[in-house]
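Notes for the structure review
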Protein chains: 2
Amino acid sequence: MEQKKLVEEITSMEEDFAKWYTDVVKKAELIDYSSVRGCMVLRPYGYAIWENIQKILDGMFKATGHQNVYMPMFIPESLLQKEKDHVEGFAPEVAWVTEGGGQKLEERLCVRPTSETLFCEHYKNIIHSYRDLPKLYNQWCSVVRWEKTTRPFLRTMEFLWQEGHTMHETAAEAIAETERMLGVYADFCENSLAIPVLRGKKTEKEKFAGAEATYCIEAMMHDGKALQAGTSHYFGDGFAHAFDITFQGRDNKPQYPFQTSWGMTTRLIGAIIMTHGDNSGLVLPPAVAPVQVMVVPVAQHKPGVTEKAQALKEEISAYCRADIDLGDNSPGWKFAQHEMRGVPLRLEIGPKDMEKGQCVLVRRDTREKLFVPLEGLREAIERLMREIHDNLIARARENCERRTHAAVSMEELIALANGENGYIKAMWCGDRACEDALKEKAGITSRCIPFEQEPLSDRCVCCGKPARHLVYWGKAY
Amino acid sequence: MEQKKLVEEITSMEEDFAKWYTDVVKKAELIDYSSVRGCMVLRPYGYAIWENIQKILDGMFKATGHQNVYMPMFIPESLLQKEKDHVEGFAPEVAWVTEGGGQKLEERLCVRPTSETLFCEHYKNIIHSYRDLPKLYNQWCSVVRWEKTTRPFLRTMEFLWQEGHTMHETAAEAIAETERMLGVYADFCENSLAIPVLRGKKTEKEKFAGAEATYCIEAMMHDGKALQAGTSHYFGDGFAHAFDITFQGRDNKPQYPFQTSWGMTTRLIGAIIMTHGDNSGLVLPPAVAPVQVMVVPVAQHKPGVTEKAQALKEEISAYCRADIDLGDNSPGWKFAQHEMRGVPLRLEIGPKDMEKGQCVLVRRDTREKLFVPLEGLREAIERLMREIHDNLIARARENCERRTHAAVSMEELIALANGENGYIKAMWCGDRACEDALKEKAGITSRCIPFEQEPLSDRCVCCGKPARHLVYWGKAY
């Protein structure tokens, strides 16, 4: 009864997906709103997910030879303007500091929307010879982009992210880095977040301001909209020219280095929610769940139950992130509460379990209930963590496949676009005009040109001219 | 010869302490300057020290029940103005965002100089009952204060820090938290940074804007100037009144909660440099050194040397942060380089050592050279790490004690203030006028009212009226 009531507070996703999403982020206490337009408060539970994401990703960056640095949060206007395409892309959406220390500034400072310009300024100081290359830097920070409409995690004025910025001796090496880091991102999404991703390249229209090429990973949400989960950019030597960064090459001649950047943000938390969540709330992938196993004593007033539950919590904390709920609420209320917060496993222990030398494990993803002998607890928990992960990614793959359709004519494409959301695979000639036409006529945008191409037809779905690429189209966050 | 030359690039601290400091931060590659006035680039080596500081401190915060959150980086002007003393203290030194997304803002946003106001706004939303207390939150972020003169780490316009913000049911509990976190800070400085600290309370003049009381830890630098290494503030219920934060008490009546905040910043890295550094450069305490043991092969062209050095590096990486220098430079150059960068231990291995089944360990702090049998390497390294830590803190204590003097008259005090820098202990009546007079006549400010009081005299050193406190006075960063 109590359980039902708690869950009823969350709008069902079939009724209103956007409201379901907002209910989940609020009721699971991931965020709070603030009086700062478009900015959110990351509450302990939400921030703990981000800390786990950071820890794993940071380890992957370090394992691939990257070092962390920290750049200033301000960019002087003149510095932002050095690379023409970059400033054109970002200037409309930046916040400007115009006063400081009680005085009007001579030059406006923008709050960083991304830090290519600052990294370039620094790289100019420290790169002199081919021996100084590659430079493989990353920073964890927050950035600001003046978004008109905002939604928690998905699009906020300020967000947390990491931005990798690297410099290389050759174009080939920089392209390899761009691809390698996209691979790191895809591995992370699939192996840690249980989110399957599509890997590909953005069209010219959708690429990053100032980049030669933008690679991306796209994920399919419950509602059939795609979400760009990470991007990796290859810049060529464009910024190096703009910032006059040269190094003495192996041939003793001055050369321009080749550059990449790549980023992932707190929007990953939005992706987790919309990939795995259900009408009872959050469902967290074990690798990043702040609490992997929540111990809930049953009949905790009975002698020894609380002590046993506490002892179990201590014991399992050696190999998983465990917590215990010793609050005054009923077990039923607690069950619903921790399900709503997406805890992967619940461990129940009561007097009868104690008699039998067992406990009950309940999976969040399937709600399956298992009676597990205490001596086999570690193996059971570790196995279930893997199974939950595997089940989550399998379900997400299934959703993605079910929502992926091919179109070889505009009629087909428009019919698909008017149906259930999802990816529409269609051939494209490469012209911006056709890309714009699909947006106008079918309300869909290019998600990416996938690395794995399949020749659906040899004609552009829009204009009928020779096709150059298979493109995944869809609606996106 | 090479070694000499490298070291000569660093100005000696006796010649020019400020220049010595700047040389060290630049040559050890801790920072780079940027075109953003008063902001610095934290380079990989400098940031790695900060990461180690973060890791240890964050563990201590979590062990004492604190949770991390993230608040917006902007504070609307109306929010900053809610607490009168607070805004008076901070308004003159903030940066204002006045334009965003191409438009002039209706209300200015200040870039956070500290986040009491944002935490209060959030606490108002989430604190309703005594059951919601205490709230023990912390955040890691950067803040901006518009400083006129800046110096790397010590005073920069933007700096990285953590800020703890807690709310409690009773004043006693909040005061206990304020003291507890000061204790955590002192433990961290002494046990991780090998920096001995003086614990005390700030005078009214020196306390934090809006606080009822500010506790602090002060450290003594090589040049006899004090450095405030951390502060912990007790706010009473002042902000709670200003922000109208109330909760239903155990007596069912609405009550105002009691608040604390506490912070430590990247200036700790400045404290490390000026506490332990010498004329050869940095000396890093083992607990936060990015590299604890640098392996340098000697005669690395000889067969098997590089392989052996590499194997040793892998082996010791199991229990310490180790790195290896396989570069083309001479061993002498490498020795000087890693000494300059403050690596606590150097491990040399050459053909003769290999024959004898030993290696050479060289301490950075004493330059002592030890021949260590390879089978006893782990014990030797772990013992030496402890000994280096103990020696560093002992040397720092000695410097502090040598520079601490007592004065019972103004003549004595002025004579001491005109001599070598250090702490001057003197009694104080508690009047602001006397505090101002000491600044004017002797150029010293109150560092703190130490928790450990000693009655030097019963008269104020300045006015001769009855003394209320022993105060440590001095020059400070």
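Each remark here, short or long, concerns the structure printed above.
Values in this document were obtained by computation on a predicted structure and should not be read as measured data. (Residues numbered from 1 in each chain as written. Chains lettered and ligands numbered in written order. Predicted model: local features only at pLDDT ≥ 70, side-chain atom pairs only at ≥ 80, totals over all residues. Heavy atoms only, no water.)

All right, on to the pattern of salt bridges then. Here the structure, examined in full by the defined rule, presents 68 salt bridges over all chains. In this structure, the salt-bridge partner of Arg 364 of chain B is Asp 278 of chain B, at a minimum N-O distance of 2.7 Å. Placement of Arg 364 of chain B in the loop between strand 18 (358–363) and strand 19 (369–373) and of Asp 278 of chain B in the loop between helix 9 (267–276) and strand 15 (293–297) is noted, with a sequence separation of 86 residues between them. Across this residue pair, the class does not change: Arg 364 of chain B and Asp 278 of chain B are buried. We note a salt bridge from Glu 387 of chain B to Arg 383 of chain B, for which the minimum N-O separation is 3.2 Å. Of this pair, Glu 387 of chain B and Arg 383 of chain B both sit in helix 13 (residues 377–402), four residues apart, roughly one helical turn. On the basis of relative accessibility, which here comes to 32%, the residue Glu 387 of chain B falls in the partly exposed class. Where salt bridges share partners, they join Arg 363, Asp 365, Glu 368, Arg 383 and Glu 387 of chain A into one cluster. (Salt bridge = Lys/Arg side-chain N within 4 Å of Asp/Glu carboxyl O. Helix = DSSP H or I, 4+ residues; strand = E, 2+ residues; numbered from the N terminus. Buried < 20%, exposed > 50% of the residue type's maximum accessible area, 1.4 Å probe, protein only.)

Note: interface size is frequently given as the accessible area lost on complex formation between the parts. Across the boundary between the two partners, chain B contributes 53 residues, which contact 53 residues of chain A. For the chain B and chain A pair, buried surface summed over both sides reaches about 4200 Å², with 59% attributable to carbon and sulfur atoms. Where chain B meets chain A, there are four salt bridges. For the salt bridge of Glu 51 of chain B with Lys 62 of chain A, the shortest nitrogen-to-oxygen distance reads 3.1 Å. (Contact = heavy atoms within 4.5 Å. Buried area = accessible area lost by both parts, 1.4 Å probe.)

What follows is about the relation of the copies chain B and chain A. Superposing chain B onto chain A requires a rotation of 180° together with a translation of 0.0 Å along the rotation axis, leaving an RMSD of 0.0 Å. On the angle and the small slide along the axis, the relation comes out as a two-fold axis. Relative to the rotation axis, the closest C-alpha in chain B is found at Val 97 of chain B, a distance of 2.0 Å. A share of 100% of the interface residues of chain B reappears at the interface of chain A, consistent with the copies meeting face to face through the same patch. (Least-squares fit on C-alpha atoms with pLDDT ≥ 70 in both.)

Residues and elements named next belong to chain A. For helix 11 (residues 331–340), a buried count of seven out of 10 residues is recorded, marking the element as mostly surrounded by other parts of the structure. Within helix 11 the residues assigned to the buried category are Lys 334, Phe 335, Ala 336, Gln 337, His 338, Glu 339 and Met 340. One or two steps after helix 11, the chain reaches Gly 342, where phi turns positive at roughly 80°.

Quick look at the nonpolar core now. If you look at the biggest cluster of nonpolar residues, it comprises 215 residues, and the most contacted ones within it are Leu 30, Ile 53 and Phe 74 of chain A together with Ile 53 and Phe 74 of chain B. Filtering out sequence-adjacent residues up to four positions away, Phe 74 of chain B remains in contact with Val 36, Ala 95, Val 111, Val 144 and Met 157 of chain A together with Val 97, Leu 109, Cys 110, Val 111 and Leu 118 of chain B. (Core = buried A, V, L, I, M, F, W, Y, C linked by side-chain atoms within 4.5 Å.)

Here we take up the packing of helix 3 (residues 44–63) of chain A against helix 7 (residues 171–191) of chain A. All names here are of chain A. Between helix 3 and helix 7, whose axes approach to 11 Å, the crossing angle comes to 145°. Considering the relative orientation of helix 3 and helix 7, their crossing is right-handed. Of helix 7, the residues touching helix 3 (which contributes Ile 53, Ile 56, Leu 57, Met 60 and Phe 61) are Met 181, Val 184, Tyr 185, Asp 187 and Phe 188. (Axes fitted to C-alpha atoms, helices over the stretch in contact; angles between N-to-C directions. Left-handed = near helix turned anticlockwise from the far one by under 90°.)

Before going further, it helps to spend a moment on the sheet that holds strand 19 of chain B. Residue and element names in this part refer to chain B. Judged by pairing direction, the sheet is mixed, and its five strands sit side by side in the order 16-15-17-18-19 without closing on themselves. Whereas interior strands pair on both sides, the edge strands pair on one side only; in this sheet they are strand 16 (322–324) and strand 19. With strand direction ignored, the average angle separating the axes of adjacent strands in the sheet is 25°. In this structure, strand 15 lies alongside strand 16, joined through three bridges in parallel fashion. Each residue of the ladder has a partner; that of Val 293, found in strand 16, is Ala 322. Running over the sheet, helix 11 (residues 331–340) touches strand 15 and strand 17 (345–349) and is turned about 170° from strand 15. (Pairing = 2+ DSSP bridges.)

Throughout the structure, instances matching the rule amount to 32 aromatic pairs over all chains. Here Trp 50 of chain B and Trp 140 of chain B contribute two aromatic rings whose centre-to-centre distance is 5.9 Å and whose plane-to-plane angle is 75°, an arrangement assigned as edge-to-face. Residue Trp 50 of chain B is found in helix 3 (residues 44–63), and its partner Trp 140 of chain B is found in strand 7 (residues 135–144); the two are separated by 90 residues along the sequence. Residue class for Trp 50 of chain B comes out buried when judged on its relative accessible area of 1%. Ring pairing ties together the aromatic residues Trp 50, Phe 61, Trp 140, Tyr 185 and Trp 262 of chain A, which thus form one cluster. (Phe/Tyr/Trp six-rings, centres within 6.5 Å; stacked < 30°, edge-to-face > 60°.)

Glancing now at the side chain of His 66 of chain A. Among the secondary structure elements, His 66 of chain A is positioned in the loop between helix 3 and strand 3 (67–68). Those residues in contact with His 66 of chain A, other than ones at most four positions away along the chain, are Phe 61, Leu 136, Thr 166, Glu 177, Arg 180, Met 181 and Trp 262 of chain A.

This part covers the environment of Ala 209 of chain B. With respect to the helices and strands, Ala 209 of chain B occurs in the loop between strand 9 (198–201) and strand 10 (213–220). Residue contacts for Ala 209 of chain B: discarding those within four places in its chain leaves Asp 85, His 86, Gly 89 and Phe 90 of chain B.

The next thing to look at is empty space enclosed by the protein. Residue and element names in this part refer to chain A. Counted by the stated rule, this structure contains six cavities of 30 Å³ or more. Empty space within the largest cavity amounts to approximately 80 Å³. Lining the largest cavity are 13 residues, and of these Leu 416, Glu 420, Asn 421, Gly 422 and Ile 424 sit closest to its centre. Counting residues per element, the ones that place at least two in the lining of the largest cavity are helix 14 (410–418) and strand 21 (423–428). (1 Å grid on protein atoms, 1.4 Å probe; cavity = no way out; pocket = protein on both sides within 12 Å on 5 of 7 lines; lining within 4 Å. Points joined across faces, edges and corners; volume = space filled by probe spheres on them.)

All right, on to the sheet that holds strand 4 (residues 74–76) of chain B then. Here six strands make up an open sheet; going across it, the order is 4(A)-6(A)-5(A)-5(B)-6(B)-4(B) and the pairing antiparallel. Two strands lie at the open edges of the sheet, namely strand 4 (74–76) of chain A together with strand 4 of chain B, each paired on one side alone. Between one strand axis and the next, the sheet turns by 45° as a mean value, whatever way the strands run. Direction of pairing for strand 5 (residues 95–100) of chain B relative to strand 6 (residues 103–111) of chain B: antiparallel, over a ladder of four bridges. Each residue of the ladder has a partner; that of Glu 99 of chain B, found in strand 6 of chain B, is Lys 104 of chain B.

Before going further, it helps to examine the state of the cysteines. In protein chemistry, a disulfide is the covalent bond that joins the sulfur atoms of two cysteines. Residues and elements named next belong to chain B. Inspection of every chain in the model, using the stated rule, returns zero disulfides over all chains. This cysteine, Cys 463, is not joined by any disulfide, and Cys 434 carries the nearest cysteine sulfur, 3.6 Å off. On the accessibility criterion, Cys 463 (34% relative accessible area) is partly exposed. (Disulfide = S-S within 2.5 Å.)

What follows concerns the pairing of strand 18 of chain B. Along any regular strand the residues' side chains alternate between the sheet's two faces. Residues and elements named next belong to chain B. Most of strand 18 sits out of view: six of its six residues are buried. Along strand 18, one buried face is formed by Gln 358, Val 360 and Val 362 and the opposite face, lined by Cys 359, Leu 361 and Arg 363, is buried too. Relative to strand 19, strand 18 runs antiparallel, the two being bridged by five bridges. Pairing of Leu 361 across the sheet is with Leu 370, part of strand 19. Where strand 18 folds back onto strand 19 in an antiparallel hairpin, the turn is made up of five residues, including Arg 367, whose phi is positive at roughly 65°.

Our next topic: the packing of helix 14 (residues 410–418) of chain B against helix 15 (residues 432–442) of chain B. Residues and elements named next belong to chain B. Running from N to C, helix 14 and helix 15 point in directions that differ by 50°, and their axes come no closer than 10 Å. Judged by the inter-axis angle, helix 14 sits oblique to helix 15. Note that helix 14 runs across helix 15; the crossing there is right-handed. For the pair helix 14 and helix 15, contact is made by Met 410, Leu 413, Ile 414 and Ala 417 and by Leu 438, Lys 441 and Ala 442, respectively. For the contact of helix 14 with helix 15, a count of residues per class yields six nonpolar, no polar and one charged. (Parallel < 35°, antiparallel > 145°, perpendicular 65-115°, else oblique. Nonpolar A, V, L, I, M, F, W, Y, C, P; charged D, E, K, R; others polar.)

For the rest of this paragraph, the subject is helix 10 (residues 305–316) of chain B. Three or four residues apart is the spacing at which side chains of an α-helix point the same way, because the helix has 3.6 residues per turn. All names here are of chain B. Taking 1.5 Å of rise per residue, 12 residues should cover 16 Å, and helix 10 covers 16 Å from first to last C-alpha, within 8% of that figure. For helix 10, the set of buried residues is Val 305, Ala 309, Leu 312, Lys 313 and Ile 316. Looking straight down helix 10, one finds its buried side chains confined to an arc of 100°; they lie on one side. Along its buried surface, helix 10 packs onto strand 15, strand 16, strand 17, helix 12 (351–356) and helix 13. (Expected span 1.5 Å × (residues − 1). Arc of directions from axis to C-beta.)

Right, let's get into the environment of His 66 of chain B. Residues and elements named next belong to chain B. Here His 66 falls in the buried class, since its relative accessible area comes to 5%. C-alpha separation for the pair His 66 and Val 362, spaced 296 residues apart in sequence, amounts to 40 Å. A distance of 3.0 Å separates a polar atom in the side chain of His 66 from a polar atom in the side chain of Thr 64. (Polar contact = N/O pair within 3.5 Å; in protein donor to acceptor, adjacent residues only side chain to side chain.)

Residues and elements named next belong to chain A. Looking at where Thr 445 falls in the secondary structure, it is placed in strand 22 (residues 445–450). Counting along the chain gives 28 residues from Thr 445 to Trp 473, while the straight-line C-alpha distance between them is 5.4 Å. Other than its neighbours up to four places away in sequence, Thr 445 contacts Glu 206, Lys 439, Tyr 472, Trp 473 and Gly 474. Within polar-contact distance, the side chain of Thr 445 engages the side chain of Arg 447 at 3.0 Å.

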